[in-house]
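Single-letter residue listing:
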Amino acid sequence: MGCDIVTVSTDTQFMHLAWQREEKDLADVRYSMAADTTGALAKTFGVYLDDAGLALRGTFLINPEGTLMHAEVDFLNMGRNIDELMRKFKANLYLAKKTDEGCPSKWKAEGDQTLAPSPEMVGRVHEALRK
Amino acid sequence: MRELQVGMSVPDFTLTTFEAESCNFGEVSLARQKEEGRWTCLFFYPADFTFV
């Protein structure tokens with residue numbers, strides 16, 4: 001979908017290699033596993049835990065211009081769900097092409113209804129979503 | 001530096017990577033992603049050998 005996934009932790013690339021080899025659930029990994037050993041990148045994104053030297057479960061989407069388009073942070077014990085992420089990724093990719101539209105909360109994929117804000121729609125979102 | 005917020009420009013970064021597909025070490029750089037016109041998803045997690 002034109003998006004490169006990069007996983008990031010404060011482990012080294014050697015640890016990433018060992019983990020990927022050992023863990024059966026990672027056998028099909030195609031993404032890059034990045035080593036942020038100083039925590040510098042985690043600090044940039046505000047997910048570095050000083051006391052632990054670890055990163056919180058932050059998910060960030062950056063567009064091809066280098067602009068941060070989506071940011072979400074979960075606590076250490078909260079696993080992320082790919083379906084939850086994909087909706088937001090797809091919506092961001094769609095909105096990058098259709099900058100005058102908005103994706104409503106129920107938007108799931110291209111073809112679903114979007115909203116184009118206008119004076120007529122003020123106070124009439126209910127009607128606009130049921131056209 | 002001002003706290004990074006959605007809508008702001010992400011400062012360039014370069015990190016060493018492990019590329020499972022080629023079983024090699026590599027590099028990811030935001031500058032290169034921008035040159036190639038690609039989206040980047042950064043997926044932070046606390047440590048290897050934990051669940052993601």
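Just so we're clear, the structure is a prediction, and the values are computed from it rather than from any experiment.

Criteria and thresholds
Think of each chain on its own: its residues are numbered from 1, step by step along the sequence as written. Chain labels run from A onward and ligand labels from 1 onward, assigned in the order the entries are written. Side-chain atom pairs in this predicted model are given and counted only at pLDDT of 80 or more, local residue features only at pLDDT of at least 70, and totals for whole chains, interfaces and linings cover all residues. To obtain the side-chain values, all non-hydrogen atoms of the structure were used and water was disregarded. Two strands make a pair as long as DSSP finds a minimum of two bridges between them. Going along the chain from the N terminus, every DSSP run of H or I of four or more residues is numbered as a helix, and every run of E of two or more is numbered as a strand. Lines fitted to C-alpha atoms define the axes, with helix axes restricted to the stretch in contact, and inter-axis angles between N-to-C directions lie between 0 and 180 degrees. Only protein chains enter the calculation, and the probe is 1.4 Å; a residue is then buried if its accessible area is under 20% of its type maximum, exposed if over 50%, and partly exposed in between. Just to be clear on terms, a salt bridge is a Lys or Arg side-chain nitrogen sitting within 4 Å of an Asp or Glu carboxyl oxygen.

## Here we look at the pairing of strand S1 (residues 14–19) of chain B
Two elements, strand S2 (residues 32–35) of chain A and S1(B), share 4 bridges in a ladder whose sense is antiparallel. Pairing of Ala35(A) across the sheet is with Thr16(B), part of S1(B). Hairpin connection between S1(B) and strand S2 (residues 24–29) of chain B: a loop of 4 residues separates the two successive antiparallel strands, and Cys23(B) in this loop has a positive phi of roughly 50°.

## Considering the sheet that holds S2(A)
Spatially, 7 strands are ordered S6(A)-S5(A)-S3(B)-S1(A)-S2(A)-S1(B)-S2(B) in an open sheet, and the strand pairing comes out mixed. With one partner strand each, in any of the chains shown, strand S6 (68–74) of chain A together with S2 of chain B form the two edges of the open sheet. Averaged over all neighbouring strand pairs, the angle between strand axes comes to 25°, with direction disregarded.

## Description of unusual backbone geometry
Residue and element names in this part refer to chain B. Here the phi dihedral of Cys 23 falls at roughly 50°; this positive angle occurs in a residue that is not glycine. Given a relative accessible area of 40%, Cys 23 falls into the partly exposed group. Although it is not a glycine, Phe 49 sits at a positive phi angle of roughly 65°. Exposure remark for Phe 49: the relative accessible area of 46% places this residue in the partly exposed category.

## Some thoughts on the pattern of salt bridges
Across all of its chains, the model carries 5 salt bridges over all chains by this definition. With a closest N to O distance of 3.5 Å, Glu110(A) and Lys97(A) form a salt bridge. Of this pair, Glu110(A) sits in the loop between helix H3 (82–97) and helix H4 (125–128) while Lys97(A) sits in helix H3; the two residues are 13 residues apart in sequence, bridging distant segments of the chain. Residue Glu110(A) shares its accessibility class with Lys97(A), and that shared class is exposed. We note a salt bridge from Asp12(B) to Lys34(B), for which the minimum N-O separation is 3.6 Å.

## Examining the pairing of strand S3 (residues 39–44) of chain B
Taking burial as the measure, the 6 residues of S3(B) include 6 buried ones, the bulk of the element. Side-chain alternation along S3(B) places Trp39(B), Cys41(B) and Phe43(B) on one buried face and Thr40(B), Leu42(B) and Phe44(B) on a second face that is also buried. Relative to S3(B), strand S1 (residues 3–9) of chain A runs parallel, the two sharing 6 bridges. Residue pairing across strands places Ile5(A) opposite Cys41(B), the latter belonging to S3(B). In terms of strand pairing, strand S5 (residues 57–62) of chain A meets S3(B) through 4 bridges, oriented antiparallel. Within S3(B), the position partnered with Ile62(A) by the bridge is Thr40(B).

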